[in-house]
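Chain by chain, the residues run as shown.
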Amino acid sequence: MAKSIINNSTIDPNKILPMTYLWARQHYKDGVANNWTPEEISMQKDVEQWKSPSVLAPTERRLILWNLGFFSTAESLTANNLVLAVYKHVTNPECRQYILRQAYEEAVHTDTFIYCCDSLGLDPEEIYPMYESVSSIKAKDEFVVGLTTSLLDPNFKTDTQENIRRFLHDLIGFYVIMEGIFFYAGFAMMLALKRQDKMVGIGEQFEYIMRDESLHLAFGCDLINTIKAENPGVWTKKFQDEIVELIKQAVILEKAYAHDACPSGLLGINAAQFCDYVEHIADRRLERIDLPKVYGRANPFPWMSQSTDLVKEKNFFETRVTEYQTAGSLEWD
Ligand code: MN
Ligand code: FE
C-alpha cells in the first residue's frame, strides 16, 4: 500500500524521508519563516492608553477584556486538543512535524496573553475564568468541546468508515470552526481598534497570531481534504449536510459573541458589519473543504486580508524589526 495519511501501518512514523505530503513540509517551512515572540512588540503605548482615563471608551475596554478573556483560554484549549488528540491519530511523519510546529506556535500565543496581562496589570482571575462567566464565550467553548469528543475518547480509533467520519467531523470542529471561525470576530475587533491607533501593541500581536492561525487552518484543510480523497466512501451527501449545519450553528454563536462583545460597534463600524464578516469568513471556510458557500456576503473589511499578509515597512530606528517573513505565503484570510 502506498503512503496514506491515516491508518498506515506500513510506514514507520519515525522515518520522515521520503515524503509524500509535500504541502505539510511547505506549511512547516512557512510557519518557521513567520517566527515571532510577543516580547518583540512594545506594549509601552498600550500601557499609557490603558492607564489614561480619556483614550479608551468603557465599551472599548470591555471589548479588549473580552477578547483577552476568550483567547487566553482558547489558545490552551487548542494546544491541548492538538497534542493530546490530533497528534495521536495523524501518524504520518511529515504531518506530525507540522503539528509539532503548530503546537509551538500555540505556546507562543498562550505566552502572548500572559505578556498582555502582565504588561497591562490585568487581574488573571478576571480574564481567565471568562470561558465560564461570560455566556457567549462559554457557548463557543462548549460547542467546540462537544464537537471534539471522539478525539478525546482514549479508545477512539479511525478503523472504520464511520469512525473516519467522526474523525473528520472533529477535525472540522477543531480546525475549521475553532481556529477558522471562532477566532475571527475577535481578530477583526482588535485590528479595527489598532486601525484607530488604539492598543497598537496588542493589535500587532493579534496580527501575528492571525497570520499563524491562517497557516493552521490551511494545514487543517489540507489534512481534511486528503483524508476525504483517500477514503472516498466517507464524504457522503448526508455527512456534508451535517457539516454545513455545524458551520451554520458556529456562525450563529460567533455572531452572538460579536454582538455581546461589541454591542455599540467601534468608530465607523457597527456590530452588523462584524456579523457580515463572520458570514464572509464562513463561506471561505466552506469553499476550502469543497462545500458550497451559504451566505454570499461581501467582505466588509478588506483590510483584514491585508493584515494576514503583514508585509510591513518598519522604521528601523523606532522599532525592532520583527518581520522575518521573506515572501507572502498566505492568499486567504
Ligand atoms: Mn493559536
Ligand atoms: Fe492555531
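Residues numbered from 1 in each chain as written. Chains lettered and ligands numbered in written order. Predicted model: local features only at pLDDT ≥ 70, side-chain atom pairs only at ≥ 80, totals over all residues. Heavy atoms only, no water.

*Asks:* Give a detailed account of the packing of helix 10 (residues 184–195) against helix 13 (residues 271–288), specifying residues and quantitative values.
*Replies:* Put simply, helix 10 and helix 13 touch, their axes get as near as 9 Å, and they point 130° apart. The angle between helix 10 and helix 13 places the two elements in the oblique class. Crossing hand, helix 10 versus helix 13: right-handed. Along the contact surface, helix 10 presents Tyr184, Ala185, Ala188 and Met189, while helix 13 presents Phe274, Tyr277, Val278, Ile281 and Arg285. (Axes fitted to C-alpha atoms, helices over the stretch in contact; angles between N-to-C directions. Helix = DSSP H or I, 4+ residues; strand = E, 2+ residues; numbered from the N terminus. Parallel < 35°, antiparallel > 145°, perpendicular 65-115°, else oblique. Left-handed = near helix turned anticlockwise from the far one by under 90°. Contact = heavy atoms within 4.5 Å.)

*Asks:* Residue-level account of the pattern of salt bridges, with values.
*Replies:* Counted according to the given criterion, the structure contains 15 salt bridges. The shortest N-O distance in the salt bridge between Asp290 and Lys228 comes to 3.5 Å. With Asp290 in the loop between helix 13 and helix 14 (302–309) and Lys228 in helix 11 (residues 200–230), this pair connects stretches of sequence that are 62 residues apart. Judged by relative accessible area, which is 7%, Lys228 ranks as buried. Arg297 is the partner of Asp276 in a salt bridge, and the nearest nitrogen-oxygen pair spans 3.4 Å. Taken together, the residues span a long stretch of sequence, with Asp276 in helix 13 and Arg297 in the loop between helix 13 and helix 14 at a distance of 21 residues. The exposure class of Asp276 is partly exposed, given its relative accessible area of 24%. (Salt bridge = Lys/Arg side-chain N within 4 Å of Asp/Glu carboxyl O. Buried < 20%, exposed > 50% of the residue type's maximum accessible area, 1.4 Å probe, protein only.)

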